[in-house]
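Structure assessment
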Amino acid sequence: MRLILLGPPGAGKGTQAQMLKEKFRIPQISTGDILRQAVKDDTELGVQAKSFMDSGQLVPDDVVIGLIKARIKQVDCEAGFILDGFPRTIVQAEKLSETLTDMSLAIDVVVDLEVDADEVINRLTGRSTCPDCGTMFHEESRPPKVQGVCDGCGGSLAQRQDDNEETILKRLEVYQESTAPLKEFYKKGGNLKTVTARGSAEEIFSRVCEMVQ
Ligand code: ADP
Ligand code: ZN
């Protein structure tokens, strides 16, 4: 199964992608995670991406398209994959379609997670992530058992650089302008499914699964 998760920052794409990955045993491909790792490792890609990410802007299309092309050709993607945070522009979506067509493949379903803007701000400001295993927590809705410590692996939780109010507002603006038009793009293609991203992660997941099966 080849799946795209669409939705604004804070809609819960990462959480749903992790749950889908467990259920369907296919890799989660998050351009945000790949880029954050590159920044952490201080690679050429990371140096290129950092200032865009810190200010809430998109990393240039050719950079992320190159990343995705290489990633979906790896063997672990043969049975399918979950794209989380890509595509984010019409150009990225067009290049993805072209690449898949060349490989005689196609996207099966695009799940759009819908959520209100004020809810998004609350989710993002309270969120922390385990840098070691990627598990996400939230101070209200999903607090860790011990403050600042990952329940799963004991790693020390960190807030993302770009989860501050100013950058969040910029990311929402960029989403409206560049990414929201993808809903129309995929609606025309006939495989857009809309899911209300309200309630617990488990509740949202059961709605997502109904759409996917
Ligand atoms: P969120 O969806 O919560 O904003 P992500 O982890 O998906 O977070 O992305 C974080 C940042 O990484 C973005 O603000 C952007 O700078 C960069 N990024 C991630 N994916 C893409 C993409 N497909 N195209 C351009 N930039 C991207
Ligand atoms: Zn962890």
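In what follows, the accompanying structure is described. Since the structure is predicted, the reported quantities are computational estimates derived from the model, not experimental observations.

Turning next to the pairing of strand β3 (residues 81–84). Both faces of β3 are covered, namely the face carrying Phe81 and Leu83 and the face carrying Ile82 and Asp84. Inspection of the sheet shows strand β1 (residues 2–6) paired to β3 by four bridges, in the parallel sense. Within β3, the residue paired with Ile4 across the bridge is Leu83. Examined bridge by bridge, strand β2 (residues 28–30) and β3 share three bridges and lie parallel to one another. Bridging across to β3, Gln28 finds its partner in Ile82.

Before going further, it helps to spend a moment on the coordination of the zinc ion (ligand 2). Put simply, the ideal angle at a metal is 109.5 degrees for four donors in tetrahedral geometry and 90 or 180 degrees for six donors in octahedral geometry. Here the zinc ion (ligand 2) is held by Cys130 (SG), Cys133 (SG), Cys150 (SG) and Cys153 (SG), and the distances to it run 2.2 to 2.4 Å. Each of the four donor atoms bound to the zinc ion (ligand 2) contributes to angles spanning 100 to 119°, and the resulting shape is tetrahedral. We note that the donor set of the zinc ion (ligand 2) lies within a single chain, spaced as C-x2-C-x16-C-x2-C. Highlighted residues: Cys133 in the loop between β5 (127–129) and β6 (136–138) and Cys153 in the loop between β6 and α7 (165–179), separated in sequence by 20 residues. A relative accessible area of 42% places Cys153 in the partly exposed class.

The topology assignment puts Val208 in helix α9 (residues 201–212). Take Val208: its relative accessible area is 0%, and that puts it in the buried class. Taking the C-alpha atoms as reference points, Val208 and Leu20, 188 residues apart in sequence, are found 8.9 Å from one another.

Between helix α2 (residues 31–41) and helix α4 (residues 61–72), the least distance of the axes is 11 Å, while the angle of their chain directions is 105°. With respect to their mutual orientation, α2 and α4 come out roughly perpendicular. Of the residues in α4, those touching α2 at Thr31, Ile34 and Leu35 are Val64, Leu67 and Ile68. Looking at side-chain class alone, the contact of α2 with α4 contains five nonpolar, one polar and no charged residues.

Thresholds applied
Residues numbered from 1 in each chain as written. Chains lettered and ligands numbered in written order. Predicted model: local features only at pLDDT ≥ 70, side-chain atom pairs only at ≥ 80, totals over all residues. Heavy atoms only, no water. Buried < 20%, exposed > 50% of the residue type's maximum accessible area, 1.4 Å probe, protein only. Helix = DSSP H or I, 4+ residues; strand = E, 2+ residues; numbered from the N terminus. Pairing = 2+ DSSP bridges. Donors = N, O, S within 2.8 Å, 3.2 Å for Na, K, Ca; no water. Tetrahedral: all angles 85-135°; square planar, octahedral: opposite > 155°, others 65-115°. Axes fitted to C-alpha atoms, helices over the stretch in contact; angles between N-to-C directions. Parallel < 35°, antiparallel > 145°, perpendicular 65-115°, else oblique. Contact = heavy atoms within 4.5 Å. Nonpolar A, V, L, I, M, F, W, Y, C, P; charged D, E, K, R; others polar.

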